[in-house]
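Notes for the structure review
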Amino acid sequence: MEKIANRKDIKLGGSLPFTHKGEQAILVRTKEDDLVAYIAICPHAGGNIEWDEQINKLLCETHLSLFDGKDGSVYRHSSAFEVRNGLTRIELKVDEDHNIYAL
Ligand code: FES
């Protein structure tokens, strides 16, 4: 179990990059105040995944597909490619002091 951050380190609607088991990952605190984390590598062709705070979605920078912040599912395919799978979710645990851990 690795500590990523404390809840106070991440603003409502914000995100925080981290490394999970050697892979690029992203922690998101959605506008609904849910904490979620994903491997930040697009399942289509390995594009970098960023959090777009304005639209509350995850964006693939390579082909511009969008993924839902709540569960990582495909929200909108790229205009050029169909993305078959959603993002890989990372299970989180939050302790009584609001420390956030990746499992
Ligand atoms: S690499 Fe992300 S949609 Fe193609």
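The structure presented is a predicted model; accordingly, all values stated were derived computationally and were not measured.

Turning our attention to the overall build of the chain. Looking only at helices and strands, one finds zero helices and ten strands in the chain. A compact globule built from 103 residues would reach a C-alpha radius of gyration of about 13 Å, and the chain, at 13 Å, matches this within 12%. Seen along its three principal axes, the alpha-carbon backbone of the chain occupies a region of about 45 × 30 × 15 Å. Across the 103 residues of the chain, 23% fall into the buried class. Relative to all contacts within the chain whose residues are 6 or more apart in sequence, the contacts with residues 24 or more apart total 33%.

Our focus in this paragraph is the sheet that holds strand β3 (residues 23–29). Spatially, the three strands line up as an open sheet ordered β2-β3-β4, and their pairing is antiparallel. Whereas interior strands pair on both sides, the edge strands pair on one side only; in this sheet they are β2 (15–20) and β4 (35–39). Between one strand and the next, the sheet's axes are offset by a mean angle of 25°, whatever the strand orientation. Pairing between β3 and β4: five bridges, direction antiparallel. Paired with Arg29 across the bridge in β4 is Leu35.

The subject of this paragraph is the sheet that holds strand β6 (residues 57–60). Strand order in this open sheet of four strands is β5-β6-β7-β8, and the pairing throughout is antiparallel. Only two strands of the sheet have a single partner each, and these edge strands are β5 (49–52) and β8 (74–76). Direction aside, neighbouring strands of the sheet carry axes that sit 40° apart on average. Taken together, the four bridges between β5 and β6 define a ladder with antiparallel strand orientation. Across the sheet, Ile49 pairs through a bridge with Cys60, a residue of β6.

With respect to the helices, strands and loops of the structure, Tyr75 is situated in strand β8. For Tyr75, a count of 19 C-beta atoms within 10 Å corresponds to the partly exposed category. It is 9.0 Å that separates the C-alpha atoms of Tyr75 and Leu58, two residues lying 17 residues apart in sequence. Apart from residues no more than four positions distant in its own chain, Tyr75 is found in contact with Lys57, Leu66, Phe67 and Asp68.

Once that is clear, we can look at the nonpolar core. Membership of the largest hydrophobic core comes to 18 residues, with the highest contact counts inside it found for Ile26, Ala37, Tyr38 and Ile49. Elements with a contribution of two residues or more to this core: β3, β4, β5 and β6. In this structure Tyr38 touches Ala25, Ile26, Ile49, Leu58, Gly72, Leu87, Thr88, Arg89 and Ile90, once residues within four positions along its chain are discounted.

To continue, consider the pairing of β6. Side chains Leu58 and Cys60 of β6 all project onto a buried face; the interleaved residues Lys57 and Leu59 project onto a face where none is buried. Here β5 folds back onto β6, and the loop between the two strands holds four residues, one of which, Asn56, carries a positive phi near 60°. Bridge count for β6 against strand β7 (residues 66–68) is three bridges, and the pairing is antiparallel. Within the sheet, the bridge partner assigned to Lys57 lies in β7 and is Asp68.

The rules behind these values
- Residues numbered from 1 in each chain as written.
- Predicted model: local features only at pLDDT ≥ 70, side-chain atom pairs only at ≥ 80, totals over all residues.
- Helix = DSSP H or I, 4+ residues; strand = E, 2+ residues; numbered from the N terminus.
- Rg over C-alpha atoms; globule rule 2.2 N^0.38 Å.
- Buried ≥ 20, exposed ≤ 12 C-beta atoms within 10 Å, placed from the backbone.
- Contact = placed C-beta atoms within 7 Å.
- Pairing = 2+ DSSP bridges.
- Axes fitted to C-alpha atoms, helices over the stretch in contact; angles between N-to-C directions.
- Core = buried A, V, L, I, M, F, W, Y, C linked by C-beta atoms within 7 Å.

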